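Residues per chain are reported as follows:
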Amino acid sequence: DQQVKQNSPSLSVQEGRISILNCDYTNSMFDYFLWYKKYPAEGPTFLISISSIKDKNEDGRFTVFLNKSAKHLSLHIVPSQPGDSAVYFCAASASGTYKYIFGTGTRLKVLA
Amino acid sequence: DAGVIQSPRHEVTEMGQEVTLRCKPISGHNSLFWYRQTMMRGLELLIYFNNNVPIDDSGMPEDRFSAKMPNASFSTLKIQPSEPRDSAVYFCASSLSVHSTDTQYFGPGTRLTVL
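These figures come from a predicted structure and were not determined experimentally.

What counts, and where the lines are drawn
Residues numbered from 1 in each chain as written. Chains lettered and ligands numbered in written order. Predicted model: local features only at pLDDT ≥ 70, side-chain atom pairs only at ≥ 80, totals over all residues. Heavy atoms only, no water. Disulfide = S-S within 2.5 Å. Helix = DSSP H or I, 4+ residues; strand = E, 2+ residues; numbered from the N terminus. Buried < 20%, exposed > 50% of the residue type's maximum accessible area, 1.4 Å probe, protein only. Salt bridge = Lys/Arg side-chain N within 4 Å of Asp/Glu carboxyl O. Lys, Arg positive; Asp, Glu negative; His and termini not counted. Polar contact = N/O pair within 3.5 Å; in protein donor to acceptor, adjacent residues only side chain to side chain. Contact = heavy atoms within 4.5 Å. Pairing = 2+ DSSP bridges. Axes fitted to C-alpha atoms, helices over the stretch in contact; angles between N-to-C directions. Phe/Tyr/Trp six-rings, centres within 6.5 Å; stacked < 30°, edge-to-face > 60°.

## Quick notes on the state of the cysteines
Part 1 of the reasoning: For the structure shown, the criterion picks out 2 disulfides over all chains.
Part 2 of the reasoning: Between the sulfur of cysteine 23 of chain A and that of cysteine 90 of chain A lies a disulfide, 2.0 Å long from S to S. Judged by the sign of its S-S torsion, about -70°, the bond between cysteine 23 of chain A and cysteine 90 of chain A is left-handed. Here cysteine 23 of chain A is found in strand S3 (residues 19-25), whereas its partner cysteine 90 of chain A is found in strand S9 (residues 86-94), with 67 residues between them in sequence. Judged on exposure class, the residue cysteine 23 of chain A and its partner cysteine 90 of chain A are both buried.
Part 3 of the reasoning: Linked covalently through their sulfurs, cysteine 23 of chain B and cysteine 92 of chain B form a disulfide whose S-S length is 1.9 Å. One quick way to see it: the torsion about the S-S bond of cysteine 23 of chain B and cysteine 92 of chain B is about -65°, and its sign makes the bridge left-handed. Of the two residues, cysteine 23 of chain B sits in strand S3 (residues 19-24) while cysteine 92 of chain B sits in strand S9 (residues 88-95), which places them 69 residues apart along the sequence. Cysteine 92 of chain B carries the same exposure label as cysteine 23 of chain B, and that label is buried.

## Observations concerning the pattern of salt bridges
Side chains that differ in sign of charge can pair as their charged atoms come close.
Part 1 of the reasoning: Scanning the model with the defined rule gives 11 salt bridges over all chains in all.
Part 2 of the reasoning: A salt bridge links lysine 99 of chain A to aspartate 56 of chain B; the nearest nitrogen and oxygen atoms lie 3.5 Å apart. Of this pair, lysine 99 of chain A sits in the loop between S9 and strand S10 (101-102) while aspartate 56 of chain B sits in strand S6 (residues 53-56), on two different chains.
Part 3 of the reasoning: Overall, lysine 99 of chain A belongs to the partly exposed group, its relative accessible area being 30%.
Part 4 of the reasoning: Here aspartate 86 of chain B makes a salt bridge to arginine 64 of chain B, at a shortest N to O gap of 2.7 Å.

## Section: the side chain of lysine 37 of chain A
Residue and element names in this part refer to chain A.
Part 1 of the reasoning: By the secondary structure assignment, lysine 37 is in strand S4 (residues 30-38).
Part 2 of the reasoning: There is no salt bridge for the buried lysine 37, and the closest opposite charge comes from aspartate 84, which lies 4.5 Å off by N-O distance.
Part 3 of the reasoning: A polar atom in the side chain of lysine 37 sits 3.1 Å from the side chain of tyrosine 39.
Part 4 of the reasoning: Those residues in contact with lysine 37 that lie beyond four places of it in its chain are Gly43, Pro44, Thr45, Gly83, Ala86, Val87 and Tyr88.

## Examining the sheet that holds strand S1 (residues 5-7) of chain B
All names here are of chain B.
Part 1 of the reasoning: Pairing is antiparallel in the open sheet, where 4 strands are placed in the order S1-S3-S8-S7. Looking at the sheet topology across the chains shown, the edges are occupied by S1 and strand S7 (65-71). Across this sheet, the average inter-strand angle for adjacent strands is 15°, counted without regard to direction.

## What about unusual backbone geometry?
The phi torsion of most residues other than glycine is negative, and most of the peptide bonds are trans.
Part 1 of the reasoning: The linkage connecting valine 78 of chain A with the following residue, proline 79 of chain A, adopts the cis geometry, with an omega of -15°.
Part 2 of the reasoning: The topology assignment puts proline 79 of chain A in the loop between strand S8 (72-77) and S9.
Part 3 of the reasoning: A cis amide bond links glutamine 80 of chain B to the next residue, proline 81 of chain B, at an omega of -10°.
Part 4 of the reasoning: The residue proline 81 of chain B is located in the loop between strand S8 (74-79) and S9 in this model.
Part 5 of the reasoning: The phi torsion at asparagine 51 of chain B lies on the positive side, around 50°, for a residue other than glycine.
Part 6 of the reasoning: Within the secondary structure, asparagine 51 of chain B is located in the loop between strand S5 (42-50) and S6.
Part 7 of the reasoning: Asparagine 51 of chain B sits in the partly exposed class, given a relative accessible area of 46%.

## Some thoughts on the packing of aromatic side chains
Part 1 of the reasoning: For the coordinates displayed, the defined rule picks out 15 aromatic pairs over all chains.
Part 2 of the reasoning: Ring geometry for tyrosine 36 of chain A versus phenylalanine 106 of chain B: centroids 5.4 Å apart, planes at 80°, classification edge-to-face. Here the residue tyrosine 36 of chain A occupies a position in strand S4, and phenylalanine 106 of chain B occupies one in strand S10 (residues 105-106), the pair thus bridging two chains.
Part 3 of the reasoning: Seen in terms of ring centroids, phenylalanine 102 of chain A and tyrosine 35 of chain B are 5.6 Å apart; in terms of plane orientation they differ by 90°. Their pairing is edge-to-face. Separated into two different chains, phenylalanine 102 of chain A in strand S10 and tyrosine 35 of chain B in strand S4 (residues 31-38) make up a pair that spans both.
Part 4 of the reasoning: Here a set of aromatic residues connected by ring pairs shows up, and it is made of Tyr36, Phe46, Phe89, Tyr98, Tyr100 and Phe102 of chain A together with Phe33, Tyr35, Tyr48, Phe91 and Phe106 of chain B.

Next comes the structure, spelled out in structure tokens:
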């Protein structure tokens with residue numbers, strides 16, 4: 001049973017446009033969410049996180065939005081750059097736990 | 001600063017052989033995680049150590065899998081005997097503490113192929 005779902009396995013976007021990656025979760029106990037980025041032959045690297053007390057967190061070109069009622073979060077990348085081409089993993093955890101539950105990832109391709 | 005170090009980066013072995021994967025966490029980090037990545041299931045947590053003690057091994061798929069952390073700077077994941085379905089990328093990650101808000105830092109992974 002996948003508690004964290006990324007239903008789009010891939011996404012292509014033109015350079016300079018907005019990339020929107022989506023993630024849904026089922027466990028209402030989750031209160032901390034993260035996005036990791038992964039390049040081929042490398043490990044995932046932390047990108048941005050959000051606590052459930054917020055509905056938005058911004059870091060440069062990256063913004064994460066959280067809709068708790070819909071159990072949905074999204075990552076916006078504006079403007080998208082070719083170097084953003086990677087696999088993006090959404091992860092969630094619950095307070096008092098150490099466990100990250102990861103989605104299966106979305107492969108983003110930014111076209112020059 | 002050195003990140004999480006894993007070795008080997010690639011391992012090709014035959015079914016039935018023993019495989020040992022190695023990990024050196026970031027110095028000062030007290031928590032260590034082993035993950036497995038497959039196409040179908042994404043990143044799955046196999047086992048978690050805190051202060052060198054295994055805390056949760058519920059993700060370890062079978063008794064063929066075992067993990068140790070003899071000291072704060074080294075951990076191993078062993079598969080014996082290996083099977084073709086164990087083929088995957090295995091990641092080690094470390095973090096400062098047990099709190100979920102402490103970011104987990106991943107190593108580059110070991111790509112395991114069992115023929």
